[in-house]
Amino acid sequence: QQFWLRGQRPEEPVRFDPETGMWNVYGYPETVRVLGEPGTFSSDTLRVLPDSVMRGNKAMREGNLVQMDEPDHKKLRRLVSEAFTPKVVADLEPRIAALTHELLDAAAQRGHLELVADLAYPLPVIVIAELLGVPSSDRDLFKQWVDKMLEFSGQFSLVKQSAEQDRALEIVFEQRRQLTEYLAAHATERVQRPREDLLTKLVQAEVDGERLTTNEVVNFATVLLIAGHITTTMLLGNTVLCLDAHPEQMARVRADRRRLAGAIEESLRFLSPFAAVGRATTVETALGGVRIPADKLLMVWIAAANRDERQFARPDEYDASRDPNPHVAFGRGIHFCLGAPLARLEGRVALGILLDRFPDLRVDPAGPEFIPSPNMTGVRKLPLLLAS
Ligand code: HEM
């Protein structure tokens, strides 16, 4: 991961890795093509994983929007898009602002701020829990599950079985099982006692005249709960980190808050939280001068594509005024991040308030701590100094 932070990108845009048995895609045009051609590059990657890896966990596929192909993906996406209309997201602004103040009040009283624990983690998780309708007071439980899922710091391999990888997969499946059980209990309760929340909407929703199964509802809610917070946590931390490292750009953003949106977009490009997405070929194809057989796994490194000098001038420089900034940190095409407007709103509101309240805010020279996973670019600890 530190590799990406240094901003290097391999020369070849597509490269087979014999260690993992997967094709790595690093280039921008190649990434755009993969994400734009879902017929050739399927999101149903579990299909090509050997049973030794899946070990009966294929039930995770149902309702998992990120890993669905057409036409099923389109139906479910249409349904859940109704819960994420621009109005629903915009209406959350006052709640996001109130929560940010509440969380910062608590930290300000203590006189020190660790951005992740005090704001960047709790804020998005409370917002997504409230949307779904699960108690946000259970957020320490979610954190426990998700942190354990992210602990595997190695590179996942299809060809090399290792005790470390087996143990990591066991842990991931076990955390998923606990999260699934938790959400299933809430979903079942909504069938009996409907409320004004997203879980109720999901259990009542009909696709082509049929209700979603509990398993589908639960898997979709799992995706939302996980995708809806860790990535935004990283976005908040990364933007503070980038601006702190560039005091002249921080000063410009402070002087004109309209520049904050550009700073957030550039931090998404420069340190892309979701560093890689997976795809599986459905047919043999050529990509970036390399032939890839059918039914093979691809790791599409959007973090690397976002540093491709064929697309971005001075790709390894953080430039909050970069415009246009066609980064692919939220993906592209049919799977484009459903939560992007919410993530952007949370970033703008929370960081705006943070800058307003702490004019002398600096990153503690003791330094940040990065998430050890190679697929995630973000801090898990970011201590800040509040006064100069
Ligand atoms: C999809 C990144 C925040 C929900 C995606 C994808 C990326 C991404 C790269 C595409 C995956 C693929 O093509 O395989 C991010 C980043 C975020 C963020 C960087 C924050 C900075 C959120 C939030 C939510 C969310 C806040 C929910 C409230 C989803 C969902 C999908 C998705 C449901 C699947 C969409 C589909 O398959 O049609 N996200 N995300 N994300 N994201 Fe996000």
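The structure reproduced in this document is the subject of the present report. (Residues numbered from 1 in each chain as written. Predicted model: local features only at pLDDT ≥ 70, side-chain atom pairs only at ≥ 80, totals over all residues. Heavy atoms only, no water.)

On to the nonpolar core, then. Grouped together as the largest cluster of nonpolar side chains are 92 residues, with contacts concentrated most on Phe84, Leu113, Leu123, Phe142, Leu354 and Leu382. Broken down by element, this core gets its largest block of residues, 10 residues, from helix H17 (residues 340-357). In contact with leucine 382, other than residues within four places in its own chain, are Leu113, Glu114, Leu115, Val116, Gly237, Val240, Leu241, Val363 and Pro368. Val34, Phe41, Val277 and Ile302 belong to the second-largest nonpolar core, a separate cluster that totals 16 residues. (Core = buried A, V, L, I, M, F, W, Y, C linked by side-chain atoms within 4.5 Å. Buried < 20%, exposed > 50% of the residue type's maximum accessible area, 1.4 Å probe, protein only. Helix = DSSP H or I, 4+ residues; strand = E, 2+ residues; numbered from the N terminus. Contact = heavy atoms within 4.5 Å.)

Bringing the packing of aromatic side chains into the picture now. Counted by the stated rule, this structure contains seven aromatic pairs. With 5.5 Å between their ring centres and 90° between their planes, tyrosine 28 and phenylalanine 312 make a pair best called edge-to-face. Of this pair, tyrosine 28 sits in helix H2 (residues 28-36) while phenylalanine 312 is found in the loop between helix H16 (302-305) and H17, placing the two residues 284 residues apart along the sequence. Under the relative-accessibility criterion, phenylalanine 312 is labelled buried at 3%. Considering the side-chain rings of phenylalanine 142 and tyrosine 182, the 5.6 Å spacing of their centres and the 80° angle between planes classify their relative orientation as edge-to-face. Taken as a pair, phenylalanine 142 in helix H9 (residues 139-149) and tyrosine 182 in helix H10 (residues 163-192) lie far apart in primary sequence, 40 residues in all. For tyrosine 182, a relative accessible area of 13% gives the class buried. Ring pairing ties together the aromatic residues Phe142, Trp145 and Tyr182, which thus form one cluster. If you follow arginine 269 out to its NZ or CZ, it ends over the ring of phenylalanine 312, 5.2 Å from the centre. (Phe/Tyr/Trp six-rings, centres within 6.5 Å; stacked < 30°, edge-to-face > 60°. Lys NZ or Arg CZ within 6 Å of the ring centre and 35° of its normal.)

Right, let's get into the coordination of the iron atom of the ligand. In this structure, the iron atom of the ligand receives exactly one donor atom from the protein: Cys337 (SG), at 2.3 Å. Mapped onto the elements, cysteine 337 comes out in the loop between H16 and H17. (Donors = N, O, S within 2.8 Å, 3.2 Å for Na, K, Ca; no water.)

What follows covers the site of the ligand. Taken together, the neighbourhood of the ligand is formed by 28 residues, with His73, Arg77, Arg279, His335 and Cys337 sitting nearest. Here an oxygen atom of the ligand and a backbone polar atom of leucine 65 are 3.4 Å apart. Here histidine 335 contributes a side-chain N or O atom positioned 2.6 Å from an oxygen atom of the ligand. Listed by contribution, the elements that provide at least two residues to the shell around the ligand are helix H4 (72-81), helix H12 (214-227), helix H13 (230-245), strand E7 (276-281) and H17. Of the residues forming the shell around the ligand, the biggest block, three residues, is contributed by H13. (Near = heavy atom within 4 Å. Polar contact = N/O pair within 3.5 Å; in protein donor to acceptor, adjacent residues only side chain to side chain.)

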